[in-house]
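# An overview of the molecular structure
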Amino acid sequence: MKKRHRISIYKESTAGIIFCLPFIIGFLLFLVIPMGISLYYAFCDYGILSPAVFSGLKNFKIMMADELFWKSLQITIFYAVVSVPLKLAFALLVAILFQKTSKATGLYRALYYLPSIIGGSVAVSILWKRMFATDGMVNQILHGLGIEASIPWLGNKNTAIWTLILLTVWQFGSSMLIFLSSLKQIPRTFYEASTVDGAGRWKQFTSITLPLLTPTIFFNLVMQMINGLLAFTQCFIITQGQPLNSTLFYMVHMYNQSFVHYNTGYGAALAWVMILIVGTVTAVLFATKKRWVYDGGF
Amino acid sequence: MKRKALALVLTAAITGSLLGGCSTAEEQTRTTDTEDTAAVKTDLQKEVVKSGSSDDIKLSVFWWGRQLRNEKTQQILDMYAAEHPGITFDGQFSADYWTRLATLSAGHTMPDVVQMDYTYISQYAEKGLLTDLTPYIEDGTIDVSNVSEDILETGRVGDGIYAICNGINAPALLYNKTLLDEAGIQIHDYMTLEEFKDVCREVYEKTGYKTSLSYGSNTNGDFLPYLLRAQGKLLYGDGKFAVDSADDFVQFFSVFEDGIKEGWHVDPSLYVERTRGQAEQDCLVYGSSPETMSWCGFYHSNQLVAMQNSAPEGTDIAMTTFPSDNPEISNYLKPSQFFSISTDSKYPDEAAALIDYITNSEECNNVLLGERGVPISSVISEAISVNQSPDEQEVVHYINDVVTPKSTKINPPAPGNASEVFSLIDSLTEKVLYGELTAEEAAALLFEQGNEYLAKE
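Residues numbered from 1 in each chain as written. Chains lettered and ligands numbered in written order. Predicted model: local features only at pLDDT ≥ 70, side-chain atom pairs only at ≥ 80, totals over all residues.

### Focus on the overall build of chain B
When you go through chain B residue by residue, the secondary structure sums to 20 helices and twelve strands. Taking all 457 residues of chain B together, the buried fraction comes to 44%. Residue pairs in contact within chain B that sit at least 24 positions apart in sequence constitute 76% of those at least 6 positions apart. (Helix = DSSP H or I, 4+ residues; strand = E, 2+ residues; numbered from the N terminus. Buried ≥ 20, exposed ≤ 12 C-beta atoms within 10 Å, placed from the backbone. Contact = placed C-beta atoms within 7 Å.)

As structure tokens, this is what we get:
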């Protein structure tokens, strides 16, 4: 009797394992194994066309002397640090505006979410490139407003990065949805009680809404920071790092090294340094969590 | 219980198919030279083909190019397949060609027939990724009896011929003839650099049109060696530049510097807004005002047709030689591109027959009509000329009557590790155009950093 019971448990777990297998196999084949291989390549001289040769720390020494490594790292961090808070602030603002429900709210939410669905795509990047061209739409709108402008937004090293930041901020939809759902969870009674106590809307926002949203802000901040550091498409399609490498994202530098110059071992090393940076940034954010994130109940 | 069993069977089936799919891919990408695995691989591939339709031989052909070339190439492949029952094609083209080809080669799944470029041929041949075509040339599978020895030799790396050129090309300065005619400006072939700069100034003064030099057409890698050839110098030596000092690079950068200082070079910010080297987006044919347009572009002769097609109606695009101190020595005939057979190919014989068809079939070349360059077989080049448009004939005339009589032999291909040098030349040129570097500073940086890149193994 006892034995039979054990066999049936065994069978249950077998079924579970089999159900998980497709995912596990995919995870191993397409994530873990390639990552392992890339870790190995990071310590190799490897140029795709011929087999990898182990070369120790050489790639990392090259990296320390690589001007573009430092420059692209600096640009990417600037881009992430500027665009993420802007994006979150914008997402929060719009989420608060949409809190009041009317008949059109659903439509507006969908419309504002749209850029997030299409925003990372190649098509939007090409559209952006055209909009910010010297003879593009942005300058024409400025012209229509009576401002005589033929500004080469993309061709100027001081403005080019901002067009990319703007594209990112524009894609605030997914953060907005997350904010919306947590805004709805804040009990209305808090606001009613505070109104009785004489709090104005701004006071309510800073003393009730914002503190209770901190877990969501934290989540959004971590996710968007990671996305920001790994940004690729915008730069690759719109500017290719030009002008004067002022928009060269780290990931594009890695791509160029790996697949244009065939320094694939060096590219793998760049990738692993970025993994360490992303890990560190996330760890630092988590370390500050205690200081500002409210994790009590309502 | 029954339901559970069914679920088990279903998941097992899904898992199995997933595993099966993966293992097939694994088998094909595994790299071994033992005969057994090679046989397994071939069987697998044949099976894959079989499951498609009958036991046809399926040749994959891979090329890069614009829409026109894609259509024409697909058309000749269809024609060949119709003539040769049992052979089918998987034609693929890619904009990101070299990235894809490199990754395919890493997986040992390179297509049977690949388009090759003079810049990359030594790299691929030296790494053993291309089949030596000498046996096919000797046994007549690829008939080269009407091809000049010089052209055939451009496909040589070491002891073998690894590629057959499929069109002859030469550097060509494409220019807006209508504009110059209207302004009453005369130019002639074999202009010197000083004469060329005078034309740039005159055009700017009279019409407001500016000039876009080789950076804008993505041909810096051709123009710099072209200038050096006039001094009898090569660009690349063995593991370093062939020139003795940075001074030899100053002339190249100073053309850009003068252009910016004197105002006749287009604003470099234009280049960020476009894809450099794309005919449709070139300042020669596209722009909103004379200020954003160029009277000329540094291209190659076979691009005349594409450029003319991109030009506004009523604008005639013509061509002449690149300028240098001595264009008659600088100029050269160039293989516009090649076809090679990869060592991954299971059907090299059939692939060689296809290359012969492209080289020697009149019917085939009546479709291609020299889009890749003037056909290398003199017989074919002659035969198709009646069907060519005036622009296509202009290209043939340029190759045969302008370049061929007054040119010298092409430089050896750039070394395999030169791609970082190309990028370096571009980024330094960009800095000169933005006024961040003088010509002398750029030349010094190129000499120093370029030598470092070339010294790398």
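And the narrative resumes.
### Some thoughts on the overall build of chain A
In terms of helices and strands, chain A carries 13 helices and two strands. In terms of overall dimensions, chain A is more spread out than a globule: its C-alpha atoms have a radius of gyration of 25 Å, far above the 19 Å expected for 298 residues. Reported as C-alpha extents along the three principal axes, the dimensions of chain A are approximately 85 × 70 × 35 Å. Of the contacts formed within chain A by residues at least 6 apart in sequence, a portion of 69% connects residues at least 24 apart. (Rg over C-alpha atoms; globule rule 2.2 N^0.38 Å.)

### Comments concerning helix α10 (residues 201-229) of chain A
All names here are of chain A. In this model, α10 (29 residues) spans only 36 Å end to end at C-alpha, well below the 42 Å of a helix rising 1.5 Å per residue. The sharpest bend along α10 measures roughly 50° and falls at T214, with the proline P215 sitting one to four residues further on. Residues of α10 that are buried in the fold lie against α3 (67-97), α8 (173-185) and α13 (264-292). (Expected span 1.5 Å × (residues − 1). Bend = angle between axes of the 7 residues up to and from the residue.)

### A word on the UniProt feature "transmembrane region" (unreviewed entry) in chain A
Residue and element names in this part refer to chain A. Annotation from UniProt places "transmembrane region" (unreviewed entry) at residues 12-33, 77-98, 110-128, 160-180 and 259-286. Annotated as 100% helix and 0% strand, the span residues 12-33 places its first and last C-alpha atoms 29 Å apart. The distance from the first to the last C-alpha atom of residues 259-286 is 35 Å, and the span holds 89% helix and 0% strand. (UniProt positions renumbered as here; feature names shortened; annotations may be inferred.)

### Re the sheet that holds strand β9 (residues 296-300) of chain B
All names here are of chain B. Strands sit in the order β9-β8-β10 across an open sheet of three strands; the sheet is antiparallel. Because the sheet does not close on itself, it has two edges, and the strands there are β9 and β10 (317-320). Averaged over all adjacent pairs, the angle separating strand axes in this sheet is 35°, with direction ignored. Across four bridges, the pairing between strand β8 (residues 171-176) and β10 is antiparallel. The partner of L174 across the bridge, within β10, is M319. (Pairing = 2+ DSSP bridges. Axes fitted to C-alpha atoms, helices over the stretch in contact; angles between N-to-C directions.)

### Brief notes about the sheet that holds strand β3 (residues 113-116) of chain B
Residue and element names in this part refer to chain B. If you trace the five strands from one edge of the open sheet to the other, you get β2-β1-β3-β12-β6, paired in mixed fashion. Both edges of this open sheet fall to β2 (87-93) and β6 (164-165), since each of them pairs with a single strand only. Note: strand β1 (residues 57-63) against β2, seven bridges, orientation parallel. Across the sheet, residue L59 finds its bridge partner in β2, namely F89. Those strands touched by helix α3 (residues 67-83) are β1 and β2, and its axis lies near 170° from that of β2.

### A closer look at the domain arrangement of chain B
Often the size quoted for an interface is simply the accessible area lost on bringing the parts together. Residues and elements named next belong to chain B. Considered domain by domain, chain B is made up of domain 1 (55-167 + 335-401) and domain 2 (171-331 + 417-455). Look at where the C-alpha atoms of domain 1 and domain 2 centre, and you get two points 29 Å apart. Taken together, the contacts link 14 residues of domain 1 with nine residues of domain 2. Top element by residues in the side of domain 1 that touches domain 2 is helix α18 (residues 390-403). It accounts for six residues. Tallied by class, residues from the side of domain 1 that touches domain 2 come to four nonpolar, four polar and six charged. (Domains from an automatic or database assignment. Nonpolar A, V, L, I, M, F, W, Y, C, P; charged D, E, K, R; others polar.)

### A closer look at the confidence of the model for chain A
Chain-level statistics for chain A give a pLDDT mean of 87 and a share of 95% at 70 or above. By mean pLDDT, the top-scoring element of chain A is α13 of chain A (93), and the lowest-scoring one is helix α4 (residues 105-118) of chain A (80). (pLDDT = per-residue confidence, 0-100.)

### Details of the interface of chain A and chain B
Tallying the contact residues gives 28 residues for chain A and 31 residues for chain B. Within the residue set of the side of chain A that touches chain B, elements represented by two or more residues are α1 (2-41) and α12 (250-260) of chain A. The element best represented in the side of chain A that touches chain B is α1 of chain A, accounting for seven residues. Each residue belonging to the side of chain A that touches chain B can be placed in one class, and the counts come to 18 nonpolar, eight polar and two charged.

### What about the nonpolar core?
Membership of the largest hydrophobic core comes to 168 residues, with the highest contact counts inside it found for V113, I121, L174, M307 and I355 of chain B. Here the element with the most residues in this core is α3 of chain A; it accounts for ten residues. When we break this core down by domain, the ones giving at least three residues each are domain 1 (55-167 + 335-401) and domain 2 (171-331 + 417-455) of chain B. (Core = buried A, V, L, I, M, F, W, Y, C linked by C-beta atoms within 7 Å.)

### Here we look at the environment of Y113 of chain A
All names here are of chain A. With respect to the helices and strands, the residue Y113 is situated in helix α4. Along the chain, Y113 and S102 lie eleven residues apart, while their C-alpha atoms are 17 Å from each other. Once residues lying within four places of it in the same chain are set aside, the contact partners of Y113 are G173 and L177.

### Notes on unusual backbone geometry
In this model, Q242 of chain A is joined to P243 of chain A through a cis peptide bond whose omega is -10°. For P243 of chain A, the position within the fold is in the loop between α11 (233-239) and α12. One non-glycine residue, I48 of chain A, lies in the positive phi region at around 65°. One non-glycine residue, N218 of chain B, lies in positive phi territory at about 65°. Relative to the helices and strands, N218 of chain B is located in the loop between α9 (193-207) and α10 (220-230).

### Concerning the packing of helix α11 (residues 247-262) of chain B against helix α19 (residues 419-433) of chain B
Residue and element names in this part refer to chain B. α19 packs onto α11 with a crossing angle of 25° between their chain directions and a minimal axis gap of 9 Å. Between α11 and α19, the interaxial angle falls into the category roughly parallel. Regarding α11 and α19, the two cross each other, and that crossing is right-handed. The segment α11 lies against α19, with F253, F256, E257 and I260 engaging T429, V432 and L433. Taken together, the residues of the contact of α11 with α19 break down into five nonpolar, one polar and one charged. (Parallel < 35°, antiparallel > 145°, perpendicular 65-115°, else oblique. Left-handed = near helix turned anticlockwise from the far one by under 90°.)

### As for the environment of P51 of chain A
Along the chain, P51 of chain A turns up in the loop between β1 (44-45) and β2 (53-54). For the pair P51 of chain A and I237 of chain A, spaced 186 residues apart in sequence, the C-alpha to C-alpha distance is 31 Å.

### Some words on the packing of α3 of chain A against α8 of chain A
All names here are of chain A. Interhelical geometry of α3 versus α8 gives an angle of 50° and a closest axis separation of 8 Å. By the angle class used here, α3 and α8 are oblique. Of the two possible hands of crossing, α3 and α8 adopt the one that is right-handed. In contact with K87, L88, A91, L92, V94, A95 and I96 of α3, α8 contributes S175, M176, F179, L180 and L183. In terms of residue class, the contact of α3 with α8 is made up of ten nonpolar, one polar and one charged.

### What to know about the confidence of the model for chain B
Residue and element names in this part refer to chain B. Here chain B shows a mean pLDDT of 84. Residues at 70 or above account for 88%. In the model, residues 15-54 has pLDDT below 50 throughout and makes 25 contacts with residues more than four positions away in sequence or in other chains. Model confidence for the complex: the whole-complex pTM is 0.82, and ipTM, which rates the interface, is 0.81.

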